[in-house]
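# Descriptive structure summary
One letter stands for each residue in the lines below.
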Amino acid sequence: MTIDLHQASVAIIRAGQHRSGAYIASPNFSQYGYSWLRDGTWIAYGMARAGQIDSAEAFFRWGVKVLTAQQSRVEALLDKLAGGETPLESDYLPTRFTLDGEIGTEAWTDFQLDGYGTWLWGIATHCGSVDHPLWREAQPAIKLVIAYLQALWQSPNYDCWEEHRNQIHTATLAAIYGGLRAIQQLDATLIADGLPEQIQAFALANCVAAEGHFCKYVGNAEVDSSLLWVAVPYGLVEIDDPRFVATLMKIERDLRVPDGGVYRYCADNYYGGGEWNLLTAWLGWTYLLLARLDEARDILRWIETQATPTGELPEQTAGHLLLPSYYPDWVAKWGNPAVPLLWSHGMYLTLESLLKDAEKSL
Ligand code: BGC
């Protein structure tokens, strides 16, 4: 019997949702017993698209509570910045919280801004209107995150793969831009005049390589598949912008296995650098918006073939590793790669439902 990956995904995500509302990144992987704003928002988005609204809202409400509790930390940080002091790493908000909503005690590469932009995008998109009850409840947390991002968006910070602390990352700027814009569309008074435009102008001036495509970070001309976010969904540029078209073509050329999955970036050695299901789903989403429906369908099928017999999707698959010699070192360090990864399931649900909608409107 073939497994129904839709049902399996919903069940796996529900099983990984703590009573607090937090989604665990992966229940079986030593380092992933926390809830990330980045992963969680995309899991919630996939669940909402699959009709599991209560689960998505429980996650957003968890975020509201957890972030509001960080008010004094953010105020202290903003005071330091205003006084010209350099903050300590521990002054920033973390990228992940314990399932109970605390800041973890284990060391982590915590200063990452993209998840905060993502969370803003997610909650604004979920609410869709200022009349949504969650919108009112979320105001203190939303205002706090906006103030945090407004003060820090130009600071170098770790990227969405938790690497390169001292760089300014294009995908991170796109997530911040997209989050602020989504909030602005619901209530323009919450966003300082011209702030999203300033971020966009900075990215267009500093994050486009001489060859015309967006680059991984300021001063690095490589591509990274997270650059898909620049247009999908964050809209820093339109999907038919020549700079995005050139980025997509380079991702297809440099980072896609023919008829297979998508790598994060060429030099990725994490577990040997496999194809990531969630990024492959992102490419499918991009194809959908470009009316390349057959390719989006092929991608959905490909992701389905990556599931284990019990319907669990891994973070990455090891069929065509970029740097296989690194694989055993990671296994020795942290055990086998993460499976199931709830973010992979969230992106599967997202692509599946978007595809259904697109097929209905044919
Ligand atoms: C990835 C992050 C992700 C985290 C939890 C890391 O390996 O680089 O993007 O948020 O795992 O899934």
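Residues numbered from 1 in each chain as written. Predicted model: local features only at pLDDT ≥ 70, side-chain atom pairs only at ≥ 80, totals over all residues. Heavy atoms only, no water.

For Glu275, the location among the structural elements is in strand E3 (residues 275-276). Buried charged residue Glu275 carries no salt bridge. Nearest counter-charge: Arg256, at 7.2 Å. A polar atom in the side chain of Glu275 sits 3.1 Å from the side chain of His320. Sequence-distant contacts of Glu275, defined by excluding residues within four places in its chain, comprise Val257, Gly260, Gly261, Val262, Tyr263, Trp302, Glu315, Gln316, Thr317, Gly319 and His320. (Helix = DSSP H or I, 4+ residues; strand = E, 2+ residues; numbered from the N terminus. Buried < 20%, exposed > 50% of the residue type's maximum accessible area, 1.4 Å probe, protein only. Lys, Arg positive; Asp, Glu negative; His and termini not counted. Salt bridge = Lys/Arg side-chain N within 4 Å of Asp/Glu carboxyl O. Polar contact = N/O pair within 3.5 Å; in protein donor to acceptor, adjacent residues only side chain to side chain. Contact = heavy atoms within 4.5 Å.)

All right, on to the packing of helix H12 (residues 293-305) against helix H14 (residues 342-360) then. Where H12 contacts H14, the axes come no closer than 11 Å and their chain directions differ by 145 degrees. Crossing of H12 over H14 shows left-handed handedness. Here H12 contributes Leu293, Ala296, Arg297, Ile299, Leu300, Ile303 and Glu304 to the contact with H14, which in turn contributes Tyr348, Leu351, Glu352, Leu355, Ala358 and Glu359. Taken together, the residues of the contact of H12 with H14 sort by class into 9 nonpolar, no polar and 4 charged. (Axes fitted to C-alpha atoms, helices over the stretch in contact; angles between N-to-C directions. Left-handed = near helix turned anticlockwise from the far one by under 90°. Nonpolar A, V, L, I, M, F, W, Y, C, P; charged D, E, K, R; others polar.)

Our next topic: the site of the ligand. Near the ligand lie 13 residues; those nearest to it are Tyr32, Arg38, Asp39, Cys160 and Trp161. Cys160 is positioned such that a nitrogen or oxygen atom in its backbone is 2.6 Å from an oxygen atom of the ligand. For the ligand, whose unbound accessible area comes to 310 Å², protein coverage reaches 97%. Judged by the proximity of its atoms to the pocket grid, the ligand belongs to the largest pocket. In terms of residue class, the shell around the ligand is made up of 8 nonpolar, no polar and 5 charged. (Near = heavy atom within 4 Å. Areas by Shrake-Rupley, 256 points an atom, 1.4 Å probe, with all protein chains shown as cover. 1 Å grid on protein atoms, 1.4 Å probe; cavity = no way out; pocket = protein on both sides within 12 Å on 5 of 7 lines; lining within 4 Å. Sits in = over half its atoms within 2 Å of the grid points.)

Quick look at helix H4 (residues 71-82) now. The end-to-end C-alpha separation of H4 is 16 Å, in line with the 16 Å expected for 12 residues at 1.5 Å each. Gly84 sits one or two residues past H4 and shows a positive phi near 80 degrees. (Expected span 1.5 Å × (residues − 1).)

For the protein, mean pLDDT is 97; residues scoring 70 or higher make up 100% of the total. Element-level mean pLDDT values for the protein span from 97 in strand E4 (residues 316-317) up to 99 in helix H8 (residues 170-186). (pLDDT = per-residue confidence, 0-100.)

Turning our eyes to something else, we now look at the layout of surface pockets. One number sums up the size of the largest pocket: a volume of about 380 Å³. Tyr32, Trp161, Glu162, Arg264 and Tyr270 are the residues nearest the centre of the largest pocket, which is lined by 21 residues in total. When contributions to the lining of the largest pocket are tallied by element, the ones reaching two or more residues are helix H2 (37-49) and helix H13 (327-334). Its residues placed into classes, the lining of the largest pocket shows 13 nonpolar, 2 polar and 6 charged. Reported here for the second largest pocket is a volume of approximately 160 Å³. Each residue belonging to the lining of the second largest pocket can be placed in one class, and the counts come to 7 nonpolar, 2 polar and 4 charged. (Points joined across faces, edges and corners; volume = space filled by probe spheres on them.)

Before going further, it helps to spend a moment on the packing of H4 against helix H7 (residues 139-152). Relative to each other, H4 and H7 sit at 25 degrees, their axes nearing to 11 Å. It follows from the interaxial angle that H4 and H7 lie roughly parallel. You can see that H4 and H7 cross each other, and the crossing is left-handed. Contacts from Gln71, Val74, Leu77, Leu78 and Leu81 in H4 reach Leu144, Ala147, Tyr148, Ala151 and Leu152 in H7. (Parallel < 35°, antiparallel > 145°, perpendicular 65-115°, else oblique.)

Look at the link from Val232 to Pro233: it is a cis peptide, with omega at 10 degrees. Here Pro233 shows up in the loop between helix H9 (195-206) and helix H10 (242-255). The step from Val339 to Pro340 runs through a cis peptide bond, and the omega angle for that step is 0 degrees. Mapped onto the fold, Pro340 is located in the loop between H13 and H14. Backbone geometry at His164 places phi at a positive 55 degrees, although glycine is not the residue there. One non-glycine residue with positive phi stands out, namely Ala291, at about 60 degrees. Secondary-structure assignment places Ala291 in the loop between helix H11 (277-289) and H12. For Ala291, a relative accessible area of 64% translates into the label exposed.

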